[in-house]
Amino acid sequence: MDSCTVPKATLPYAWLELLSPGAWLSPSAACPPLQNVLLWEHLIAELRILICNALGSEQREQPFPFLRAEPGPAFKIESLKVTVDFLKVPLGLKKPPLKEAVAVPGPGKAKPPGVERHKPRRADSMDNESQYSGYSYKSGHSRSSRKHRDRRDRHRSKSRDGSRGDKSVTIQAPGEPLLDNESTRGDERDDNWGETTTVVTGTSEHSISHDDITRITKDMEDSAHLDCSRHLGVALAGALALLAFLTPLAFMLLPQLLWREELEPCGTPCEGLFISVAFKLLILLLGSWALFFRRPKAFFPRVFVFRALLMVLVFLLVVSYWLFYGVRILDSRDRNYQGIVQYAVSLVDALLFVHYLAVVLLELRQLQPQFTLKAVRSTDGASRFYNIGHLSIQRAAIWILENYYHDFPVYNPALLNLPKSVLSKKMSGFKVYSLGEENTTNNSTGQSRAVIAAAARRRDNSHNEYYYEEAEHERRVRKRRARLVVAVEEAFTHIKRLQDEDQKNPREIMDPREAAQAIFASMARAMQKYLRTTKQQPYHTMESILQHLEFCITHDMTPKAFLERYLSAGPTIQYHKDRWLAKQWTLVSEEPVTNGLKDGVVFVLKRHDFSLVVSAKKIPFFKLSEEFVDPKSHKFVMRLQSETSV
Amino acid sequence: MSYVPGQPVTAVVQRIEIHKLRQGDNLILGFSIGGGIDQDPTQNPFSEDKTDKGIYVTRVTEGGPAEIAGLQIGDKIMQVNGWDMTMVTHDQARKRLTKRNEEVVRLLVTRQSLQKAVQQTMMS
């Protein structure tokens, strides 16, 4: 129902965003208690409205009159201002005024990740819209100009990495999804920033080969605006594969077509060879399908060396076979048909061996672990270790990324900084007064030195505050968590699965969605407070919580299973795909990315607000020696005499 | 002093009464013990029978209360204040000797020379 996605204003006291699929506001300064009571009633009213809307009644405009009934003009003004700004959003205009309108204190960071979390857009459809608009931006430019610009920008990007990060964060429109913003409205914001994010995609040459053409065309519908250099590689490989496949058939058919009368008849040996060619080609087809016809999982910045090598090999093989065929057989019209068929069979055998080589190079070589990679996230230090075999740096980067999305807890910028109260109490200032007798030059240096010395001598108590702040926060989180657990447990006791023998009238029977909505209201408040305390509320919209609740109810999960998702920050892949899964990463490396991994190689995978620093260490060579222990040699005695003085 | 399982142990004993000396907060007796049913009896240099797990005196400090009372090195302690010491662990023995509220311990100790002396007097 569209009414549910009508944009609602985001008010500082954040109860109303509970009712929308958008993100929840960052923690505001304490919600006044009176408002809480009012908001509770409003919440119930709003829920009723939503359910009515879902069932199709005609109360579309109700939310807004409800908002206008709010006490206090200040709220009304703010709400209107916010809605106006919000309407500008799909057009992609800059919205710095929205930052003031939100006025979210947050933890007081200079960067506005707190502002980022505020998401005025309520409709998920608008998310998808913005995604495509980003792609259309890219397709608007010709490939060559973009390539050229990308090569130039790659040099620029490396020198401006830090500044790029800063620029992107400050200008980024508040309330947009945290990670996937590069693809949306790049040109309206920081045009430098839009350019540099195309570094990874712009300059790839045939990095993917032997892929299924039909699957690629399906991808092309999704991302039809990407540059065609990628598809050039795929097309080239596909053509080569087709050529290699059809060549033996051509070898065998051409003599039959051209000089059939002159050929010597060949009976059983030829038939045996025909059968073997047929089956070998079938095996080759199946093997190629299994090995190569896969969805590409990544887009490499450089040529994938092994695949290029294999393509070259196949090309040379086929060309040399054709050459010999043309010279020896076509020109001279060789009449020994059995020899021709054996020639074709030898080509098929050679192709099978090339396929074996492909299996070994592409799949088997990297299976045995040779290196241990340590991946550390630069912002909060979350780290993991992985074992990996011989891979090039770019393939290792992709491998790390695949594991990043399910191993690392999700990046939460709100958890990064020390609380403001700790940091602000630093140098409360020693004022040094001069008594007027010394000259001024001496004074300034003397003053600064005195201030520094005094500050060094003074006991710095910020660690104390940090400790107590942490303890207090811990206590608060535990308290809210306890309330949440109790609320959820109690909510779950209100519904049960319908047994066949129970006879209930049809009006009381609910499907999972309705059941979820019915019990959600009793736990909503506790849930929201808990998420706000742990600063997780941007990651869970009300819609997502309802969906998860519906999911758990359908599968007979306990309240603990339902809560598992909220009590601890999960890996990034757990959250809604469009919002948190970024697809664009930049690989920064001092060595060429097609080099293999070596001991001590360090490379960095950058996103616009954090990066993963990966370092490789070789797994040591183990010298294992054997020692034989006779089972009868296990014997024991009492301990030695001990002497005690009394 | 040999121990026949199932039969009561018989030995010639000497009564020794030691008055504990107060040193600071401790009451000390002035000797060291070794042995016990949880210890290794073969390591005992003073016992005649190397399976004897009794409590033996391994050291006597010079001028201490034990020496004054007549305790000698190598003595086997049979009883302390009425408590048996022939079948105790090392720690139990220590505890029975070092009770804080007892100023005097009365030991029954035995040694080989006692046995020989009795035998000689009986023979002669």
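Our structure's up above, just so we're on the same page.
The structure displayed is predicted, hence computed values, not measured ones. (Residues numbered from 1 in each chain as written. Chains lettered and ligands numbered in written order. Predicted model: local features only at pLDDT ≥ 70, side-chain atom pairs only at ≥ 80, totals over all residues. Heavy atoms only, no water.)

Visitor: Explanation requested: the interface of chain A and chain B in the structure shown.
Guide: Interface size is often expressed as the accessible area that is lost when the parts come together. The interface of chain A with chain B comprises nine residues on the first partner and 20 residues on the second. For the pair chain A and chain B, the summed buried surface comes to about 1,200 Å²; carbon and sulfur atoms form 50% of the total. The tally of links between chain A and chain B comes to one salt bridge. Tallied by class, residues from the side of chain A that touches chain B come to three nonpolar, four polar and two charged. Relative to strand 4 (residues 31-34) of chain B, strand 6 (residues 643-645) of chain A runs antiparallel, the two sharing three bridges. The partner of Ser 645 of chain A across the bridge, within strand 4 of chain B, is Ser 32 of chain B. (Contact = heavy atoms within 4.5 Å. Buried area = accessible area lost by both parts, 1.4 Å probe. Salt bridge = Lys/Arg side-chain N within 4 Å of Asp/Glu carboxyl O. Nonpolar A, V, L, I, M, F, W, Y, C, P; charged D, E, K, R; others polar. Pairing = 2+ DSSP bridges. Helix = DSSP H or I, 4+ residues; strand = E, 2+ residues; numbered from the N terminus.)

Visitor: I keep staring at the pattern of salt bridges and nothing clicks. Help me out?
Guide: Where charged atoms of side chains with opposite charge meet at close range, the side chains can pair. A complete count under the given rule lists 14 salt bridges over all chains for this structure. One salt bridge in this structure joins Glu 550 of chain A and Arg 513 of chain A, with 3.4 Å as the shortest N-O distance. Highlighted residues: Glu 550 of chain A in helix 21 (residues 542-554) and Arg 513 of chain A in helix 20 (residues 512-533), separated in sequence by 37 residues. Looking at Glu 550 of chain A, the relative accessible area reads 23%, which means it is partly exposed. The partner of Glu 103 of chain B in a salt bridge is Arg 22 of chain B, and the shortest N-O contact between them spans 3.9 Å. Linking Glu 103 of chain B in the loop between helix 2 (90-97) and strand 8 (104-110) with Arg 22 of chain B in strand 2 (residues 21-23), this pair joins segments that are 81 residues apart in sequence. Take Glu 103 of chain B: its relative accessible area is 45%, and that puts it in the partly exposed class. Connected via shared salt-bridge partners are Arg 513, Glu 543 and Glu 550 of chain A. (Buried < 20%, exposed > 50% of the residue type's maximum accessible area, 1.4 Å probe, protein only.)

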